[in-house]
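Fold and contact review
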Amino acid sequence: YMQNVPIQSNATLPAVYNSRGKTQPYAGLTQVPQVPPAPAAGVPQALAGTDAVAGSPVLNQQVNAAGAPTAIVIPAGQITHSFGMTNFPLPASTHYDWLVHLDRLPISPMELLHVSAYQPYQLTQRFMLGADTTAANMFGHYAPWLDGPYPGPIATLACPWWFDNTLAAGQSHRLYRLFEFFESNDWFTGVNGLGRIPGKVNINTIWDAEILQALLDANPSLGIPVNAPNNPTNAMDPVANIFANLLASRSPGGTPGATGVTGATDRPFLPLSVGFNAPGGPQFPTLGTSVSTDTLLRMSPTNLQLLFQNPADTSAVHPYLQTQLLTKLYNNVTTRSNTFAVFLTVGFFQVTGTVAGSTVPQLGAEIGRSEGRQVRHRMFAIVDRTNLSAFSTTSSTAVAAPTINATPAAAFGNAMITLNGASPLIGVGTSLVIEPGTANEETVVVQAVAPQAGPPPTTQITANFLKQHPNPAITGNPSGTYSVIIRGNPGPQTTPYDPRNDPAVVPYFSIID
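Just so it is clear, the structure is predicted and the values come from calculations on it, not from any experiment.

**Some remarks on the overall build of the protein**
In terms of helices and strands, the protein carries seven helices and 18 strands. The long-range share in the protein, meaning contacts at least 24 apart out of those at least 6 apart in sequence, stands at 63%. Of the roughly 28100 Å² that the protein leaves accessible, carbon and sulfur atoms contribute 58%.

Below, the structure is given as structure tokens:
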């Protein structure tokens, strides 16, 4: 619907007037002057102030000089008007924007970024809020999935539509957390959507541009130059730009020129279920967490748009196209890998004899079930396979704080440490995790190894360290002894496994009954 449609007077003929019409097909908002002008001679006071302001989505139409006829004339009444003609003027942006209506199954939860948060009769009133040359005036019907303006006024963002500008600093409505519980149909052959979904890549383990190119199906339609597609070093390649921003956002590094190096300032991708946490809290004391800094919907570190918003598109391009990479990526990535919730139920059944032609005993009825006296034991546990260690030891060799040379910007000297114990798994090229599970954790690659005869036997290894070990300021470890492990599957256990002795792999378990 349209409001403030003026009533035209034909008291004096011939009469010439313009029809009221939309500059955008789906925009129905009429903006009127804040101070009504004085009524013209012969115009009733009730009709004053109904003319739309410049830039309003609904305006009085003009005669399109480029088209014929120039106007429509009713000879009997000598009334000349523009009703029934093609709307003119054109939008200030010179193109029409469409209203996304998901009249099909969503192909990705990220398509819900384009749903309306308003009642149906308000939809066209919110679609355009002013001149369509400013992003903040466009698509005002979108649900405010994200928290308040980041990092400045909402008008400066290239994607202002999803931000809630009514929230004060430090506040969050956490509406975005709903995305963590949304799923779309998986089109992988043979997957029914009720169990394990294969093929997802942990976005925190992407260190090569080619992996991101494969996930985004990088091709010239994304703005990649036709003569150099899929070139991770091409500055004109938007996927290459996104990959560089991904590294800078996820692992900014603690020193100049060290982007992509893990450190204490890392912001790994967290699930969308993570809430807002201000710095200084008990769980995230250093950096805090927010949707705009720690999730898949985080902001780019180099511009005022989403990280996975196509940088080749500007605010004049429809947001559905700007988020096409995010829509495509969302179904193919995860923030977790090798982490499981395990429910275990133990029941007791009779074992009967074998059937003809088989040597496998058959499972009979559950003991006590017919009398309602069956006994079942249940257990729940969280298992983190990323903490499996094929070898574990300690070291008491202090590694001094690294010094930064002028050239290159982050060059650290090698250090030799002594490991307590020996293992055939340690050799040149072996990855060792130093101080695992702490804020000072670091992975180094062995460059030289020298087993030492005991007793007890030890092993001296040389590696390039980027951190001080141990660092009491970070880990609170004044003893000087720290853990060193080799991540991997240790294989079958020779003794009965007790999860109480392995809190790194089983951080939580509960015997329910």
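Next, the rest of the story.
**Quick word on empty space enclosed by the protein**
If you walk through the whole model with that rule in mind, you get one cavity of 30 Å³ or more. Roughly 30 Å³ of volume is contained in the largest cavity. Taken together, Q61, Q62, S82, M85, T86, N87 and F88 form the lining of the largest cavity. Across the lining of the largest cavity, the residue classes break down as two nonpolar, five polar and no charged.

**A short note on the side chain of H318**
Tracing the chain through its elements places H318 in the loop between helix 4 (291–294) and helix 5 (319–322). Within the structure, the side chain of H318 is placed 2.8 Å from the backbone oxygen of W98, a separation counted as a polar contact. If sequence neighbours within four positions are ignored, H318 has contacts with D97, W98, V100, F139 and Y142.

**With respect to the environment of M2**
With respect to the helices and strands, M2 occurs in the segment before strand 1 (15–16). In sequence terms M2 and A27 are 25 residues apart; their C-alpha atoms lie 9.1 Å from each other. Apart from residues no more than four positions distant in its own chain, M2 is found in contact with R20, K22, G28 and V58.

**So, the pairing of strand 11 (residues 377–384)**
Pairing geometry for strand 8 (residues 339–346) and strand 11, over eight bridges, is antiparallel. By the bridge assignment, L344 is partnered in strand 11 with M379. Relative to strand 18 (residues 508–511), strand 11 runs antiparallel, the two being bridged by four bridges. Note on strand 18: the bridge partner recorded for A381 is F509.

**Some words on the layout of surface pockets**
Empty space within the second largest pocket amounts to approximately 950 Å³. Residue lining of the second largest pocket: 29 residues in total, with I197, K200, V333, T334 and R336 positioned closest to the centre. When residues of the lining of the second largest pocket are traced back to their parent elements, those giving at least two are strand 6 (201–202), strand 7 (333–334) and strand 8. With three residues, strand 8 is the largest single contributor of residues to the lining of the second largest pocket. Within the lining of the second largest pocket, the residues separate by chemical class into twelve nonpolar, eleven polar and six charged.

**Quick word on the pattern of salt bridges**
Overall, the coordinates contain nine salt bridges when judged by the stated rule. A salt bridge links R376 to E366, with the nearest nitrogen and oxygen atoms 2.9 Å apart. Of the two residues, R376 sits in the loop between strand 10 (362–366) and strand 11 while E366 sits in strand 10, which places them ten residues apart along the sequence. Taking the relative accessible area as the measure of exposure, R376 reaches 42% and is therefore partly exposed. The partner of R500 in a salt bridge is D498, with the nearest N and O atoms 3.1 Å apart. A residue is classified by how much of its surface remains accessible, and R500, at 62% relative accessible area, is exposed. Classification of D498 as partly exposed rests on a relative accessible area of 23%. Taken together, the shared-partner salt bridges connect E366, R369 and R376 into one network.

**Quick look at unusual backbone geometry**
The step from F88 to P89 runs through a cis peptide bond, and the omega angle for that step is 20°. The omega torsion across H469 and P470 is -20°, close enough to zero to call that bond cis. Examined against the element boundaries, P470 turns out to sit in the loop between strand 16 (458–464) and helix 7 (472–475). The phi angle at R174 is positive, at roughly 60°, despite the residue not being glycine. Relative to the helices and strands, R174 is located in the loop between helix 1 (123–127) and strand 6. We classify R174 as partly exposed; its relative accessible area is 34%.

**A closer look at the sheet that holds strand 11**
Read from one edge to the other, the open sheet built from three strands follows the order 8-11-18, with strand pairing classed as antiparallel. The sheet terminates laterally at strand 8 and strand 18, the two strands that pair on one side only. Sheet twist, expressed as the average angle between the axes of neighbouring strands with direction ignored, equals 10°.

**Things to note about a nonpolar patch on the surface**
A cluster of nonpolar side chains, F340, V342, L344, V346, F348, I367 and V375, forms an exposed patch at the surface whose accessible area comes to about 570 Å². Note that F348 resides in the loop between strand 8 and strand 9 (349–352). By relative accessible area, F348 is classed as partly exposed at 40%.

**Quick word on the pairing of strand 16**
Extensive coverage of strand 16 is indicated by the burial of five of its seven residues. Where strand 13 (residues 414–420) meets strand 16, seven bridges bridge the pair, whose relative direction is antiparallel. Looking at strand 16, one finds that T418 is bridged to Q460. A loop of five residues connects strand 15 (residues 442–452) with strand 16, the two strands running antiparallel in sequence.

**With respect to the packing of aromatic side chains**
The relation between two aromatic rings is expressed through the spacing of the ring centres and the mutual angle of the planes. Evaluated as defined, the whole model comprises eleven aromatic pairs. Aromatic side chains Y142 and W162 sit 5.9 Å apart centroid to centroid with 10° between the ring planes, which places their arrangement in the stacked category. With Y142 in the loop between helix 1 and strand 6 and W162 in the loop between helix 1 and strand 6, the pair connects residues that are 20 residues apart, well separated along the chain. Taken together, the ring pairs connect Y26, F127, F139, Y142, W161 and W162 into an aromatic cluster. When the ring centre of W207 is taken as origin, the NZ or CZ atom of R250, which lies over that ring, is 4.3 Å away. Taking NZ or CZ as reference, R298 lies 3.8 Å from the ring centre of F269, over its face.

About the criteria used
- Residues numbered from 1 in each chain as written.
- Predicted model: local features only at pLDDT ≥ 70, side-chain atom pairs only at ≥ 80, totals over all residues.
- Heavy atoms only, no water.
- Helix = DSSP H or I, 4+ residues; strand = E, 2+ residues; numbered from the N terminus.
- Contact = heavy atoms within 4.5 Å.
- Areas by Shrake-Rupley, 256 points an atom, 1.4 Å probe, with all protein chains shown as cover.
- 1 Å grid on protein atoms, 1.4 Å probe; cavity = no way out; pocket = protein on both sides within 12 Å on 5 of 7 lines; lining within 4 Å.
- Points joined across faces, edges and corners; volume = space filled by probe spheres on them.
- Nonpolar A, V, L, I, M, F, W, Y, C, P; charged D, E, K, R; others polar.
- Polar contact = N/O pair within 3.5 Å; in protein donor to acceptor, adjacent residues only side chain to side chain.
- Pairing = 2+ DSSP bridges.
- Salt bridge = Lys/Arg side-chain N within 4 Å of Asp/Glu carboxyl O.
- Buried < 20%, exposed > 50% of the residue type's maximum accessible area, 1.4 Å probe, protein only.
- Axes fitted to C-alpha atoms, helices over the stretch in contact; angles between N-to-C directions.
- Patch = residues over 30% accessible without salt bridge, like charges linked within 9 Å, V, L, I, M, F, W, Y side chains within 5 Å.
- Phe/Tyr/Trp six-rings, centres within 6.5 Å; stacked < 30°, edge-to-face > 60°.
- Lys NZ or Arg CZ within 6 Å of the ring centre and 35° of its normal.

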